[in-house]
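# Examination of the molecular architecture
Spelled out from the first residue to the last, the chains are:
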Amino acid sequence: MSIPTNIPTDVDVLIVGGGPAGALLGCLLARRGIHVLVVEKQQNLDRDFRGETLAAPSVVTLRRLGFGPALENHGYLETTAVSMRMEGQEVLNVDYGRFGIGALPIDIPQPGLIGLFNDAAAGEPGYAYAAGTSCTGLVEKDGAITGARLRDRDGNRVTVTARLVVGADGRFSKVRKEAGLAAEITPQQRDFLSFKLPRPAGWGQHAELVVNRDKHLVVLPTWPDFLRVGHNLPKRGLGELRRRGIEAFRAGITEIDPRLGPLVEEHVRTWDDTGFLEIFTAEMADWARDGLILIGDASHTCTPILGQGVNLAIQDVVMISPVIAAALRAGTGPVPATTFDGFVAARRRHKRRVTRFQRMQEAALAQHKPAKVWVRRVRFKTMNRLPLKYVVFGKVINAPHPIDPADLRTGAEAAPTPAAPSAA
Ligand SMILES: Cc1cc2nc3c(=O)[nH]c(=O)nc-3n(C[C@H](O)[C@H](O)[C@H](O)COP(=O)(O)OP(=O)(O)OC[C@H]3O[C@@H](n4cnc5c(N)ncnc54)[C@H](O)[C@@H]3O)c2cc1C
């Protein structure tokens, strides 16, 4: 097969995966004049049922990086609070406005977000993007990674040489496997099924967790005019759920949250209207080899609780961009693994904090015995009365993103925080 002509075969940095992590990193490195190629196996950005929540610090960060106007142009939905109802009683309400960090969390679908990064990068010399192109293997020389083998949808193959390969290829990372970096996968007790519904007028803009014993729904107002609903399933319970039929599924949703009954009747017609997410966490002893680093879900898969996946990916990128730039300036061959020691240590600390919180939440949500369900309600109600709840939540969702001055866009950081476009 002939080699695709649009792919540069020798770059400074090859990024495998054009999700939020890979796309933003490609953009920031290209802005610094680094020759970068981003390869994404999907032909287009059409990806349903992915993390769409941008935590408030990510919103602040993206504005400082100069993406504010593009975010406004695209549109998004601000999330004003998160509340929890258990067995019909409100037990917790956290007002995001109380954190005072200059932004609220927002909901923006991944195609829109990634599109902003790709559009901004496209104008930079030295930037290349290959859609519909997969990494099929790594190239190694004297123990260091020196590039990767790629294949496009027509079966054309090409080998690209790079001083650094970045694995940003998500939770089932091919790059991770090819590099021989072992991941410790910890399955969580339950999996997740998601679906979207039209958002009724006057619904409000707060995220809700609706819990009934060991069953729960996450109900997220979603841009432009949807509700994104996630429902927990027993581990390996998808087959059984399907055997019982879509009507039984709809009835189960209605039992947990009767407000959703008429909506699921009308809009969840077949299993094609749902998306499955296997919930696990991944921890790794090593994230790097000479010539290679993993970022985003590839290095630290977490669970959907509090929607931290995209937030963690953005934090990885703003922290690693100056590290990569300095390493490329300092040497000539493959970037040494030790370059990333500080980055990995800092990101691992933060990811552990998020995972610990998520596991605690999951353990609480999985309770089904009446006495434990009662104690759980009392615990959350007590926490709700204490200002401590803002400290606990803030530590998980509001960790600041340290941005290198070279990544800032002059004037962007000083611009007033624009008003959010009105939700549809
Ligand atoms: C179905 C689903 C639902 C989710 N729901 C939530 C949620 O509700 N809340 C939450 O916080 N998080 C959720 N997540 C996780 C969230 O989407 C991720 O944490 C976030 O997108 C991480 O970004 P990333 O760039 O690291 O990885 P990803 O977004 O996974 O991007 C990786 C990219 O790499 C590409 N790729 C993979 N293999 C190759 C290859 N060999 N060659 C080239 N390209 C490749 C993929 O096509 C993909 O575009 C969900 C994830 C999935 C899959």
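Being a predicted model, the structure only gives us computed values, none of them experimental. (Residues numbered from 1 in each chain as written. Predicted model: local features only at pLDDT ≥ 70, side-chain atom pairs only at ≥ 80, totals over all residues. Heavy atoms only, no water.)

## Observations concerning the overall build of the chain
The secondary structure content of the chain amounts to 12 helices and 20 strands. By the compact-globule yardstick of 22 Å for 424 residues, the chain fits well, its C-alpha radius of gyration being 22 Å. Taking the principal axes of its C-alpha atoms as reference, the chain extends roughly 65 × 50 × 40 Å. The burial tally for the chain puts 53% of its 424 residues in the buried class. Counted over contacts in the chain with a minimum sequence separation of 6, partners at least 24 positions apart contribute 76%. Both charge centroids of the chain, one from 53 positive and one from 44 negative side chains, sit 7 Å from each other. (Helix = DSSP H or I, 4+ residues; strand = E, 2+ residues; numbered from the N terminus. Rg over C-alpha atoms; globule rule 2.2 N^0.38 Å. Buried < 20%, exposed > 50% of the residue type's maximum accessible area, 1.4 Å probe, protein only. Contact = heavy atoms within 4.5 Å. Lys, Arg positive; Asp, Glu negative; His and termini not counted. Charge placed at Lys NZ, Arg CZ, Asp CG, Glu CD.)

## Some remarks on the environment of Pro224
Positionally, Pro224 belongs in the loop between strand E15 (215-222) and strand E16 (226-234). The partly exposed category is assigned to Pro224, whose relative accessible area is 26%. C-alpha separation for the pair Pro224 and Asp46, spaced 178 residues apart in sequence, amounts to 16 Å.

## Topic: the domain arrangement of the chain
We note that the domain assignment places domain 1 (10-186 + 280-407) and domain 2 (189-277) within the chain. A C-alpha centroid distance of 25 Å is found between domain 1 and domain 2. At the junction of the two partners, domain 1 supplies 31 residues and domain 2 supplies 29 residues. Taken together, both faces of the contact between domain 1 and domain 2 bury some 2600 Å²; the carbon and sulfur share is 54%. Of the charged contacts in the structure, one is a salt bridge between Glu52 and Arg228, with a shortest N-O distance of 3.6 Å. Linking domain 1 with domain 2 are 17 residue pairs in polar contact (both at pLDDT 80 or more). (Domains from an automatic or database assignment. Buried area = accessible area lost by both parts, 1.4 Å probe. Salt bridge = Lys/Arg side-chain N within 4 Å of Asp/Glu carboxyl O. Polar contact = N/O pair within 3.5 Å; in protein donor to acceptor, adjacent residues only side chain to side chain.)

## Here we look at the packing of helix H1 (residues 20-31) against helix H9 (residues 309-330)
Each pair of packed helices can be described by the angle between their axes along with the distance between the axes. Orientation of H1 relative to H9, taken along the N-to-C sense of each, is 30 degrees, at an axis distance of 9 Å. Here H1 lies roughly parallel to H9, going by the angle between them. Taken as a pair, H1 and H9 cross one another with a handedness that is right-handed. Between H1, through Pro20, Ala21, Leu24, Leu25, Leu28 and Leu29, and H9, the contact on the second element is made entirely by Val310, Ala313, Ile314, Val317, Val318, Ile320, Ser321 and Ile324. For the contact of H1 with H9, the per-class residue count stands at 13 nonpolar, 1 polar and no charged. (Axes fitted to C-alpha atoms, helices over the stretch in contact; angles between N-to-C directions. Parallel < 35°, antiparallel > 145°, perpendicular 65-115°, else oblique. Left-handed = near helix turned anticlockwise from the far one by under 90°. Nonpolar A, V, L, I, M, F, W, Y, C, P; charged D, E, K, R; others polar.)

## Some remarks on the side chain of Thr274
Position of Thr274 among the secondary structure elements: in strand E17 (residues 274-277). A relative accessible area of 12% places Thr274 in the buried class. Polar side-chain contacts of Thr274 include one of 2.6 Å to the backbone oxygen of Trp271.

## Some words on the packing of aromatic side chains
Note on aromatic pairs: each is described by the distance of the centres and the angle between the planes. Using the criterion set out here, one finds 8 aromatic pairs in the structure. Each ring, one from Tyr96 and one from Phe99, has its centre 6.3 Å from the other, and the planes form 35 degrees; the classification is tilted. A residue is classified by how much of its surface remains accessible, and Phe99, at 17% relative accessible area, is buried. Plain terms: the ring middles of Phe172 and Phe280 are 5.7 Å apart, the flat faces sit at 50 degrees to each other, and that makes the pair tilted. Separated by 108 residues along the polypeptide, Phe172 in the loop between strand E11 (157-167) and helix H5 (174-178) and Phe280 in strand E18 (residues 280-284) bring together distant segments of the chain. Linked through ring pairs, Tyr96, Phe99 and Tyr390 together constitute an aromatic cluster. (Phe/Tyr/Trp six-rings, centres within 6.5 Å; stacked < 30°, edge-to-face > 60°.)

## Observations regarding the environment of Val158
Among the secondary structure elements, Val158 is positioned in strand E11. Taking the relative accessible area as the measure of exposure, Val158 reaches 5% and is therefore buried. Spatially, the C-alpha atoms of Val158 and Leu28 are 25 Å apart, while their sequence positions differ by 130 residues.

## So, a positive patch on the surface
Positive charge collects at one region of the surface, where Arg349, Arg352, Arg353, Arg356 and Lys395 lie side by side. A per-element tally of the positive patch places helix H10 (residues 341-365) first, with 4 residues. Among the structural elements, Arg353 can be located in helix H10. A residue is classified by how much of its surface remains accessible, and Arg353, at 32% relative accessible area, is partly exposed. (Patch = residues over 30% accessible without salt bridge, like charges linked within 9 Å, V, L, I, M, F, W, Y side chains within 5 Å. Areas by Shrake-Rupley, 256 points an atom, 1.4 Å probe, with all protein chains shown as cover.)

## Looking at helix H7 (residues 246-256)
Ile246, Phe249, Arg250, Ile253 and Ile256 are the residues of H7 that are buried. The arc that holds every buried residue of H7, seen down its axis, measures 125 degrees, which confines them to one face. Exposed residues on H7 whose side chains face more than 90 degrees from its buried face are Glu247 and Glu255. (Arc of directions from axis to C-beta.)

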